[in-house]
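# Fold and contact review
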Amino acid sequence: MAINAVSSRSSVRLGATRRRFAVVVNASSESRRAVLGGLAAGVALNASKAAFADATPVDIFDDRKARLAGFDIIYEARDLDIPQSERDGLTQARANLAATRQRVKEAERRIKSTLDQYVAKGYWTEAREQLRGQVGMLRFDLNALASSQPKEQRRATLEARTEFIKAVEAFDLSLREKNKQTATERLAVAKAALNTAVAAAV
């Protein structure tokens, strides 16, 4: 009986010791987590303070003039409630007749100065790209200038524009056929038609 009593008391003491040890272990692990969490928070706070210290001040600019010059035109391109010509910027581009005349003169200069050498060297692809790149806008610009003219003058300008487009199409066909002699002859015809159309429009 005495032996059983001693063993029972020993087991009780051992169990109590284990419970105290578990409590101590749990408390120490929780304290470590709290310390590590505080340390991490402190490091993050110091890093954020350093970042703010290195940041440059925000500069505020008055961009109202840029907006008036068309800075927000990208939003018009996404607006499905306005006509396609306005979304593409074509209406706005042709509203300024002085700028339209300048584009016409620049297209005339490029057609006259570059296509001859491309044809002479047999650079057919470059010639077609240059031709189509200039005529693509030129035909609409000629229409815009014609629409601003009186009725009789407008008719003559549109007729000259039509003859120029026909001459360009014939020249473009000779470029596709890669016929140097025919291309040279048709380019001269297209240049003469361009002179007439530009003179009537500008």
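Report on the accompanying structure.

How each quantity is defined
- Residues numbered from 1 in each chain as written.
- Predicted model: local features only at pLDDT ≥ 70, side-chain atom pairs only at ≥ 80, totals over all residues.
- Heavy atoms only, no water.
- Helix = DSSP H or I, 4+ residues; strand = E, 2+ residues; numbered from the N terminus.
- Polar contact = N/O pair within 3.5 Å; in protein donor to acceptor, adjacent residues only side chain to side chain.
- Contact = heavy atoms within 4.5 Å.
- Buried < 20%, exposed > 50% of the residue type's maximum accessible area, 1.4 Å probe, protein only.
- Axes fitted to C-alpha atoms, helices over the stretch in contact; angles between N-to-C directions.
- Parallel < 35°, antiparallel > 145°, perpendicular 65-115°, else oblique.
- Left-handed = near helix turned anticlockwise from the far one by under 90°.
- Nonpolar A, V, L, I, M, F, W, Y, C, P; charged D, E, K, R; others polar.
- Salt bridge = Lys/Arg side-chain N within 4 Å of Asp/Glu carboxyl O.
- Phe/Tyr/Trp six-rings, centres within 6.5 Å; stacked < 30°, edge-to-face > 60°.

Examined against the element boundaries, Lys-191 turns out to sit in helix α9 (residues 180–201). Separated by 3.5 Å, the side chain of Lys-191 and the backbone oxygen of Lys-112 make a polar contact. One polar contact links Lys-191 to Asp-116, side chain to side chain, over a distance of 2.2 Å. Contact partners of Lys-191, with chain neighbours within four places excluded, come to Ile-111, Lys-112 and Asp-116.

Another point: the side chain of Glu-108. Note that Glu-108 resides in helix α6 (residues 97–121). Residue class for Glu-108 comes out buried when judged on its relative accessible area of 9%. In this view, Glu-108 contacts Leu-194, Asn-195 and Val-198; residues no more than four positions away in its chain are not counted.

Our next topic: the packing of helix α7 (residues 124–147) against α9. It is at 12 Å that the axes of α7 and α9 come closest, and there the two elements cross at 20 degrees. By the angle between their directions, the pair α7 and α9 is classed as roughly parallel. The way α7 lies across α9 gives a crossing that is left-handed. In this structure, α7 uses Trp-124, Leu-138, Leu-142 and Leu-145 to contact α9, whose residues at the interface are Lys-180, Ala-183, Leu-194, Ala-197 and Ala-201. Among the residues making up the contact of α7 with α9, the classes are represented as eight nonpolar, no polar and one charged.

The next thing to look at is the pattern of salt bridges. Here the structure, examined in full by the defined rule, presents ten salt bridges. Between Lys-105 and Glu-108 there is a salt bridge whose closest N-O contact spans 3.4 Å. Taken together, the positions of Lys-105 and Glu-108, both in helix α6 and three residues apart, correspond to about one turn of that helix. The exposure class assigned to Lys-105 is partly exposed, which follows from its relative accessible area of 42%. A salt bridge links Asp-172 to Arg-128; the shortest N-O distance between them is 3.9 Å. Of the two residues, Asp-172 sits in helix α8 (residues 151–177) while Arg-128 sits in helix α7, which places them 44 residues apart along the sequence. Accessibility expressed as a relative area gives 9% for Asp-172, which makes it buried. Residues participating in the shared-partner salt-bridge network are Arg-128, Arg-132, Asp-172 and Arg-176.

On to the packing of α8 against α9. The geometry of α8 relative to α9 is characterised by a closest axis approach of 8 Å and an angle of 160 degrees between their N-to-C directions. Regarding the angle of α8 to α9, the classification is roughly antiparallel. Of the two elements, α8 crosses α9, and the hand of that crossing is left-handed.

A few words now on the environment of Lys-191. Among the residues examined, Lys-191 registers a relative accessible area of 17% and is labelled buried. Linking Lys-191 and Glu-108, residues 83 residues apart in sequence, is a C-alpha distance of 8.6 Å.

All right, on to the packing of aromatic side chains then. Evaluation of the coordinates by the stated rule reveals one aromatic pair. Judged by centre distance (6.4 Å) and plane angle (40 degrees), the ring pair of Tyr-118 and Tyr-123 falls under tilted. Residue Tyr-123 is classed as partly exposed on the basis of its relative accessible area of 40%.

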